[in-house]
Amino acid sequence: MSHHQQSHALERDALGRLVFIDASGTRHTGVYPVRAFPITAPGAGISIMDQSGKELCWFDGVTAIPEGELALIEEELAAREFMPVIEKITKVSTFATPSIWDIETDRGPTRIRLKGEEDIRRIAGNTLLIADSNGLQFLIKDSTQLDKVSKKLLDRFR
């Protein structure tokens with residue numbers, strides 16, 4: 001059951017915050033979008049949440065969102081969902097943890113610190129999520145598509 005049939009509006013205020021105006025005309029300032037399945041199905045299921053975490057609106061998918069609102073939602077999600085994609089692992093300092101990894105991501109080369117093997121999590125299939133010691137999340141979309149060296153280094157930790 002979708003709530004998106006109700007009339008509502010989404011806009012930015014003068015301070016750049018998202019404002020959701022519900023069917024009764026009530027303005028909810030500082031709302032934010034949340035994906036139901038950010039990694040496995042990013043285009044399916046998006047909620048608009050108020051600052052206390054209460055759902056104000058649900059969209060079954062991006063195709064259910066009016067075009068003008070979709071642009072605002074995508075801007076907000078891009079700012080909130082910083083998750084670089086690991087394309088290559090070039091070097092690891094040691095095969096024991098903690099270890100320092102030199103990696104190449106879709107946003108450029110960087111160095112991360114892996115505290116323990118439990119910081120490498122399988123999400124679905126060959127998709128991995130790696131948390132560095134600062135809490136940043138890095139994604140490997142398909143570990144089978146990594147180059148030979150990257151696969152060999154990664155296999156030492158799984």
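A brief report on the enclosed structure follows.

Conventions and cut-offs
- Residues numbered from 1 in each chain as written.
- Predicted model: local features only at pLDDT ≥ 70, side-chain atom pairs only at ≥ 80, totals over all residues.
- Heavy atoms only, no water.
- Helix = DSSP H or I, 4+ residues; strand = E, 2+ residues; numbered from the N terminus.
- Rg over C-alpha atoms; globule rule 2.2 N^0.38 Å.
- Buried < 20%, exposed > 50% of the residue type's maximum accessible area, 1.4 Å probe, protein only.
- Contact = heavy atoms within 4.5 Å.
- Areas by Shrake-Rupley, 256 points an atom, 1.4 Å probe, with all protein chains shown as cover.
- Lys, Arg positive; Asp, Glu negative; His and termini not counted.
- Charge placed at Lys NZ, Arg CZ, Asp CG, Glu CD.
- Pairing = 2+ DSSP bridges.
- Axes fitted to C-alpha atoms, helices over the stretch in contact; angles between N-to-C directions.
- Expected span 1.5 Å × (residues − 1).
- Arc of directions from axis to C-beta.
- Salt bridge = Lys/Arg side-chain N within 4 Å of Asp/Glu carboxyl O.

1. Examining the overall build of the protein chain
Summing up its helical and strand segments, the protein chain has two helices and twelve strands in all. Each helix and strand of the protein chain, ordered N terminal to C terminal, gives the series β-β-β-β-β-β-α-β-β-β-β-β-β-α. A globule of 158 residues ought to have a C-alpha radius of gyration of about 15 Å, yet the protein chain, at 19 Å, is considerably larger. Taken over the C-alpha atoms alone, the protein chain extends approximately 60 × 30 × 25 Å along its principal axes. Out of the 158 residues in the protein chain, the part that is buried amounts to 38%. Considering only residue pairs separated by 6 or more positions, the protein chain has 34% of its internal contacts joining residues 24 or more positions apart. Accessible area of the protein chain: about 9100 Å², with a carbon and sulfur share of 50%. Each charge sign in the protein chain was given a centre, from 20 positive and 23 negative side chains, and these centres are 9 Å apart.

2. With respect to the sheet that holds strand β12 (residues 137-140)
Within a sheet, neighbouring strands are paired by backbone hydrogen bonds and run either parallel or antiparallel to one another. Read across the sheet, three strands follow the order β10-β11-β12 without closing on themselves; strand pairing throughout is antiparallel. Single-partner strands in this sheet number two, and they are β10 (120-124) and β12. Put simply, the sheet's adjacent strands are angled 30° from each other on average, direction ignored. Here β10 pairs with strand β11 (residues 127-131) via four bridges, running antiparallel. Pairing of Ala124 across the sheet is with Thr127, part of β11.

3. Remarks on the environment of Cys57
Relative to the elements of secondary structure, Cys57 occurs in strand β6 (residues 55-61). Through-space distance from the C-alpha of Cys57 to that of Phe20 is 9.0 Å; in sequence the pair is 37 residues apart.

4. So, the sheet that holds strand β3 (residues 27-29)
In spatial order, the strands read β1-β2-β3; together these three strands make up an open sheet with antiparallel pairing. Either end of the sheet is taken by a strand with one partner, and the two such strands are β1 (9-12) and β3. Sheet twist, expressed as the average angle between the axes of neighbouring strands with direction ignored, equals 25°. The pairing of strand β2 (residues 18-21) with β3 spans three bridges and is antiparallel. Looking across to β3, one finds that Ile21 is bridged to Arg27.

5. Let's talk about helix α1 (residues 67-80)
With 14 residues, α1 ought to run about 20 Å at 1.5 Å a step, and its terminal C-alpha atoms sit 20 Å apart, in line with that. Taken residue by residue, α1 has Glu69, Leu70, Leu72, Ile73, Glu76 and Leu77 as its buried positions. Seen from one end, α1 has its buried residues packed into an arc of 165°, which puts them on one side. The exposed residues of α1 that point more than 90 degrees off its buried face are Glu67, Gly68, Ala78 and Ala79. As for α1, its buried residues are in contact with β1, β2, β4 (32-35), β5 (44-49) and β6.

6. Some details on the pattern of salt bridges
Oppositely charged side chains can pair when the atoms bearing their charge come close. Scanning the entire structure with this criterion turns up five salt bridges. Note that Glu11 is salt-bridged to Arg27, the shortest N-O span being 3.0 Å. Remark: Arg27 occurs in strand β3 and Glu11 occurs in strand β1; sequence separation between them is 16 residues. Relative accessible area serves as the criterion here: at 48%, Arg27 is assigned to the partly exposed category. Salt-bridge contacts for Arg12 lead to Glu76; the nearest nitrogen and oxygen are separated by 3.0 Å. Separated by 64 residues along the polypeptide, Arg12 in strand β1 and Glu76 in helix α1 bring together distant segments of the chain. The structure contains a network of salt bridges with shared partners spanning Arg12, Glu75 and Glu76.

These figures capture arrangement, not role.
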